[in-house]
Amino acid sequence: MEVAHCYLDGNADAVEFCPHDLHRHVLAAATYTLQEGDRPSRCGSISLFDVDTDVGRFELFHRVETAGIFDIKWNPVGGNVDRPMLAQADADGCLRIHELSCSSNGEKGGFLREINGEKISSSMCLCLDWNPSATSISVGLSNGSVSVVSFSESQLNIIQEWKAHDFELWAASFDIHQPQLLYTGSDDCKFNCWDLRDSPSNMVFQNSKVHKMGVCCIAKSPSDPNILLTGSYDEYLRVWDVRQISKPLNDISIHLGGGVWRVKHHPHVSGLVLAACMHNGFAVVKIDDEKGELIETYDKHGSLGYGADWQKRELSQEDKQKNNVVATCSFYDRLLRVWKPENNIMLL
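What counts and what doesn't
- Residues numbered from 1 in each chain as written.
- Predicted model: local features only at pLDDT ≥ 70, side-chain atom pairs only at ≥ 80, totals over all residues.
- Heavy atoms only, no water.
- UniProt positions renumbered as here; feature names shortened; annotations may be inferred.
- Helix = DSSP H or I, 4+ residues; strand = E, 2+ residues; numbered from the N terminus.
- Rg over C-alpha atoms; globule rule 2.2 N^0.38 Å.
- Buried < 20%, exposed > 50% of the residue type's maximum accessible area, 1.4 Å probe, protein only.
- Contact = heavy atoms within 4.5 Å.
- Areas by Shrake-Rupley, 256 points an atom, 1.4 Å probe, with all protein chains shown as cover.
- Lys, Arg positive; Asp, Glu negative; His and termini not counted.
- Charge placed at Lys NZ, Arg CZ, Asp CG, Glu CD.
- Pairing = 2+ DSSP bridges.
- Axes fitted to C-alpha atoms, helices over the stretch in contact; angles between N-to-C directions.
- 1 Å grid on protein atoms, 1.4 Å probe; cavity = no way out; pocket = protein on both sides within 12 Å on 5 of 7 lines; lining within 4 Å.
- Points joined across faces, edges and corners; volume = space filled by probe spheres on them.
- Nonpolar A, V, L, I, M, F, W, Y, C, P; charged D, E, K, R; others polar.
- Disulfide = S-S within 2.5 Å.

An unreviewed UniProt entry annotates the chain as methylated diphthine methylhydrolase of Jatropha curcas. The Catalytic activity (unreviewed entry) field of the UniProt record for the chain holds the comment "diphthine methyl ester-[translation elongation factor 2] + H2O = diphthine-[translation elongation factor 2] + methanol + H(+)".

Okay, the overall build of the chain next. Looking only at helices and strands, one finds 1 helix and 28 strands in the chain. Taking 2.2 N^0.38 as the reference for a compact globule, 348 residues should give roughly 20 Å; the C-alpha atoms of the chain span a radius of gyration of 19 Å, in line with that estimate. Dimensions of the chain, computed from C-alpha atoms along their principal axes, come out at roughly 50 × 45 × 45 Å. Here the chain holds 348 residues, and 60% of them are scored as buried. Put simply, of all contacts in the chain between residues at least 6 apart along the chain, 49% involve residues at least 24 apart. Just so you have it, the chain exposes about 14,200 Å², and 45% of that area is on carbon and sulfur atoms. Side-chain charges in the chain split into 32 positive and 47 negative, and the spacing between the mean points of these groups amounts to 1 Å.

Our next topic: the sheet that holds strand β17 (residues 202-207). Strand order in the open sheet formed by 4 strands is β14-β15-β16-β17, with antiparallel pairing between adjacent strands. Of all the strands in the sheet, just β14 (169-174) and β17 have a single pairing partner and so form its edges. Sheet twist, expressed as the mean angle between neighbouring strand axes with direction ignored, is 20°. As paired strands, β14 and strand β15 (residues 181-186) are joined by 5 bridges and run antiparallel to one another. If you follow Ala172 over to β15, its bridge partner there is Thr184.

The next subject is the pairing of strand β22 (residues 262-265). The two faces of β22 match: Arg262 and Lys264 on one face and Val263 and His265 on the other face are all buried. Here β22 runs beside strand β23 (residues 272-276); their pairing, made up of 4 bridges, is antiparallel. Residue pairing across strands places Val263 opposite Ala275, the latter belonging to β23. Linking two consecutive strands that pair antiparallel, namely β22 and β23, is a turn of 6 residues; a positive phi of about 85° is found at Gly271 within it.

Moving on to the sheet that holds strand β20 (residues 236-241). What the 4 strands build is an open sheet, ordered β18-β19-β20-β21; its pairing is antiparallel. The open sheet has two edge strands, β18 (215-220) and β21 (253-255), and neither has a second partner. Taking the axes of each pair of neighbouring strands and ignoring which way they run, one obtains an average angle of 15° across the sheet. Bridge count between β18 and strand β19 (residues 227-232): 5 bridges; the pairing is antiparallel. Counted as the bridge partner of Cys217 is Gly231 from β19.

What follows concerns the layout of surface pockets. Empty space left among the atoms is revealed by rolling a probe the size of a water molecule over them. A volume near 1,100 Å³ is recorded for the largest pocket. Looking at the largest pocket, it is lined by 43 residues, and the ones nearest its centre are Lys73, Asp129, Ile176, Lys264 and Lys312. For the lining of the largest pocket, the secondary structure elements donating two or more residues are β2 (12-17), β6 (69-74), β10 (125-130), β14, β18, β22 and β26 (305-310). Along the lines of polarity and charge, the residues of the lining of the largest pocket split into 24 nonpolar, 9 polar and 10 charged.

Here the focus is the state of the cysteines. Taken as a whole, this structure holds 0 disulfides when the rule is applied. Counting only cysteine sulfurs, Cys125 is the nearest neighbor of Cys94, a cysteine outside any disulfide, at a range of 6.8 Å. On the accessibility criterion, Cys94 (8% relative accessible area) is buried. Residue Cys217 stays outside any disulfide, its sulfur separated by 6.2 Å from that of Cys216, the closest cysteine. Overall, Cys217 belongs to the buried group, its relative accessible area being 5%.

Another point: the environment of Tyr332. Here Tyr332 is to be found in the loop between β27 (326-330) and β28 (335-339). Counting along the chain gives 27 residues from Tyr332 to Gly305, while the straight-line C-alpha distance between them is 9.4 Å. Other than its neighbours up to four places away in sequence, Tyr332 contacts Asn11, Ser303 and Leu304.

This is the structure we're talking about:
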């Protein structure tokens, strides 16, 4: 199952494989470390790794020091910029955009170069998401507000900002099929949808009854425009039909035994989901029209499971069934692991 592991220079809380052609071997890992004392500070870093499990390669090739990071995301493939850009949401209240610059000799590797940044708020930036065209970025704030920031390579501009929740806003996710819609989730246990065509944004719906604790993550299905997932501190992964948002789809909710901090859809297999479950490691879940099934758990981390992602590989149908690569990270032990799920029947 395990391919490789290493310890980062700070508390690990986010991992993201690059989705862009020629750079899918690049894994970004982010940290957030509170330095206590008379003058406390929140520092962080982004580390880039070259990951190729076919030849057993797992190499750190670049690291940049930053403010403490809560979230990172690569720009989507097919957007208005065809080069890899990595956005960070940090404890200084800033949204920063880094470009992945390749080595001049054409070899694998390279470095991150910050191309722009913007102080979004005096509050901390907790989460972010690119819209599908990569023309704007949503940012969730620790004061319960959400900002929508227009992106160009020359500048970032706040185009909308409003008070969306009563407490910390941990999820702010665009609808990849209807990018005028933005979903938000918060420590106030509310799950909201907003229409960005209005200014200020109009609330399309709010569900405040189903989640028993804070909403940590929201992920729209890339293969089904009606299906959306939420994860909560209450330890449930829930499946929603956005056409009937009053309750989860067919009452599908999967108890994963730990706060569901992140969910990531498999890049090739519809309904296959990777979840970071905080106190209960990591889980692979299969979801279909009738049920959600826990396929596999991974418990090789000794601390809070926060970051998780699939490698976005171009694979043949045969390879899809036997070669899936996952990166996960845990907070206090600063551990980053790369591994492969053992249960390949889930890919059939």
